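# A structural walkthrough
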Amino acid sequence: MPRVTQRSIKFKMYFQRKGSKEALFREISFRLNGEPVRVRVRSDQRLIDLLRDTLGLRGTKEGCGRGDCGSCTVILNGLAVTSCLVLAATVEGAEILTVESLFRNGRLDPLQEAFLEKGAVQCGYCTPGLLMSAKALLLENPHPSLEEIKIAVSGNLCRCTGYKKIFEAIQLAAER
Amino acid sequence: MFEFYQPSSLSELLHLLEEGIPDTCLLAGGTDLLVEYRSGARNISRLIRLAHLSELQDLKCEDGRIKLGAALTYRTVERSSLLREKVPFLVQAAQSIGSPQVRNLGTIGGNLVTASPAADLAPPLLVLEAQLTLKKKSSSREIPLSSFFMGPKRTLLDPQEVVTEISFALPPENCYQIFYKLGQRNAMAISIASLAALGQAQRGFLTGIKIAVGSVAPTPLRLFHTEGLLQGERLTQALLKEANRRAQEEISPISDIRGSVEYRREIVGVLLERALSEIAGEVL
Ligand SMILES: Cc1cc2nc3c(=O)[nH]c(=O)nc-3n(C[C@H](O)[C@H](O)[C@H](O)COP(=O)(O)OP(=O)(O)OC[C@H]3O[C@@H](n4cnc5c(N)ncnc54)[C@H](O)[C@@H]3O)c2cc1C
Ligand code: FES
Ligand code: FES
C-alpha cells in the first residue's frame, strides 16, 4: 500500500499550507435523476465514487476504471460519459442521469423491456452502461439506423451476450 | 489528493499557473490525465480545470483561417458543419478516436499536449500546417505544430503556459484530403499506424503534396523529405518505390503490443501508396 501512505503524507502537507483547505474539498450542487443534490466531495473523487459510495446508487458499475469498458457510463448534460474519467468536483450545476433513472413509477424503460425481451442480458455487468449509452442515443436521435446504434455502443464491452441481441434490443426499443 | 480549481476566466487560470506551484496540472477532458494519475504515473498537487472556459471554445473561419479553441471536444469537431465541409479528414480523424464517451469528454488541446505518437488529430493538423497559440500571464506566442512535439509525452509547452487556440489556413478547394488509421479493430483502437495527406494532381503532376504519419516515430511526424521528392512529378511505379524508400528513412517505428517494427514499416508503404494513387488518380 505505498501509494496510500504517500497520499496521506501529501494530505497532511496540504493542511499545513495555509488557505488550501477549500481547494481539497468542495461543496457541489447538481441534479441527479431529476432531483437536486448537494454534497461535499474530495478533489480527487471520481463521479463513479460519488454515485456509488457517497450517494449509494450502485447501479452504475466499475469495470476497468480507465475508460476502456463503458460499464460506468452515465448521461452528463445529455451526453454519455464514462463516470470513471470524470472528477466529481466538475459536475457542479450539471444534470446527471444514471441507470436508476430508467425505472419510473414502477415501470421499466422501453429499453429495459426490450433488453429483457430480446435476451440481451446474461451476467448483466455491462447492462447499466449499455442502457445509458443507448438512452443517450435515443434522447438525441429517436430513430437511429443500425449503424448509428453500433457507433453509440462501440465504447461498451460485453463479454457474455454478443452484440447482436443488444443491437436488436435497442432497435426494438426505438421502434416502440 | 490535490487542490482543485475551476477558474471563472482564462486570466484567472493564467494567474493560478503563474504561482508556479510544483506539479500543477491543467485538466481538460481528463481522458488521459485521470488515467495517468490513478496509475500512479503522475503527481498532481494543484489541478486547474479549463474545459468549461468559454474563451477556449471558439470554432470559426476568419480571413481564410479556421480557428479552433483548445477546449473543443472531439464531439464538437465531429458535428461542426463548417469542419465537415472544409476539412472532412480532420472530422474523420476525430470520429476515429476511442468511444463516444471519450469523444464527449476529450479535447483537441488535450490530444496535442498529451504528445502521444498515436494522437489521431496530429497527422491532419500537421499537414494543415496548424499554428498553436500558447499563452501565459505576461506573454503569448505562436508556434507551428511541427515544432511543438519534442518526444513521447514531451512538448515545447512551459509549465506556466496553456494552449488556447489551434488555427490553420483553409486547404485549397480541389485538394484531396486523406486520413487513414490502421487499428486492431474498428472501435476503441489506438492506431498501429496512421497517415494524413493533402495534395492534388494537375494534368498528372502532383502539387501541394503534404504527408504526415502517426505511431511510427517518437512523435507524430511530417514527411518533408518524401514530399520534396514527389512535388511536381508524375506518379509512376518507380517514383512510388522511391517515395516509400524515402519515407522509410524518415520514420523510426518501435515494436509494441500493437505491432512490430517490420509490420509498421510495411504498413506505412501501403498507406503511402494508397494515398498517392488516390491523389494522382492512377499510377503510370
Ligand atoms: C478509452 C480511451 C481511448 C482512447 N483512444 C484514443 C484514440 O483512439 N486516439 C487518440 O488520439 N487518443 C485516444 N485516447 C487518448 C486521449 O483521449 C487523448 O489523448 C485526449 O485527447 C486527451 O484529451 P483530454 O482533453 O481528455 O486531455 P486531459 O487528459 O485533460 O489532458 C491531457 C494532458 O494535456 C494537458 N492539457 C490539456 N489541455 C491543455 C491545454 N489547452 N493547454 C495546456 N495543456 C493542456 C493536461 O494538463 C494533461 O497533461 C484514448 C483515451 C481513452 C481513455
Ligand atoms: S469503468 Fe469506466 S470505462 Fe471501464
Ligand atoms: S452480459 Fe455479461 S458482460 Fe455483458
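- Chain B appears in an unreviewed UniProt entry as Xanthine dehydrogenase small subunit from Candidatus Hakubella thermalkaliphila.

- As annotated in an unreviewed UniProt entry, chain A is Aerobic carbon-monoxide dehydrogenase small subunit from Candidatus Hakubella thermalkaliphila.
- Its UniProt record gives chain A the following Pathway (unreviewed entry) comment, quoted word for word: "Alkaloid degradation; nicotine degradation."

### Some details on the overall build of chain B
- Across its full length, chain B holds eleven helices and 14 strands.
- For chain B, whose C-alpha radius of gyration is 19 Å, the value lies close to the compact-globule estimate of 19 Å for 284 residues.
- Principal-axis analysis of the C-alpha atoms places the extent of chain B at approximately 60 × 45 × 30 Å.
- Burial analysis of chain B (284 residues in total) assigns 53% to the buried set.
- Taking all contacts inside chain B whose residues are at least 6 apart in sequence as the whole, residues at least 24 apart take part in 60%.
- Treating the 31 positive side-chain charges of chain B as one cloud and the 31 negative ones as another, the clouds have centres 3 Å apart.

### Section: the overall build of chain A
- In terms of helices and strands, chain A carries seven helices and five strands.
- Ordered by position from the N terminus, the helices and strands of chain A form the series α-α-β-β-α-β-β-β-α-α-α-α.
- For chain A, with 176 residues in total, the buried portion stands at 50%.
- Considering only residue pairs separated by 6 or more positions, chain A has 54% of its internal contacts joining residues 24 or more positions apart.
- When the accessible surface of chain A is split by element, carbon and sulfur atoms take 54% of a total near 8900 Å².

### Regarding the layout of surface pockets
- Reported here for the second largest pocket is a volume of approximately 510 Å³.
- Lining the second largest pocket are 27 residues, and of these Leu76(A), Arg49(B), Ala51(B), Asn104(B) and Leu105(B) lie nearest its centre.
- Breaking the lining of the second largest pocket down by element, the ones donating at least two residues are strand S4 (79-82) of chain A together with helix H6 (100-105) of chain B.
- When its residues are assigned to classes, the lining of the second largest pocket shows 14 nonpolar, eleven polar and two charged.

About the cut-offs
- Residues numbered from 1 in each chain as written.
- Chains lettered and ligands numbered in written order.
- Predicted model: local features only at pLDDT ≥ 70, side-chain atom pairs only at ≥ 80, totals over all residues.
- Heavy atoms only, no water.
- UniProt positions renumbered as here; feature names shortened; annotations may be inferred.
- Helix = DSSP H or I, 4+ residues; strand = E, 2+ residues; numbered from the N terminus.
- Rg over C-alpha atoms; globule rule 2.2 N^0.38 Å.
- Buried < 20%, exposed > 50% of the residue type's maximum accessible area, 1.4 Å probe, protein only.
- Contact = heavy atoms within 4.5 Å.
- Lys, Arg positive; Asp, Glu negative; His and termini not counted.
- Charge placed at Lys NZ, Arg CZ, Asp CG, Glu CD.
- Areas by Shrake-Rupley, 256 points an atom, 1.4 Å probe, with all protein chains shown as cover.
- 1 Å grid on protein atoms, 1.4 Å probe; cavity = no way out; pocket = protein on both sides within 12 Å on 5 of 7 lines; lining within 4 Å.
- Points joined across faces, edges and corners; volume = space filled by probe spheres on them.
- Nonpolar A, V, L, I, M, F, W, Y, C, P; charged D, E, K, R; others polar.

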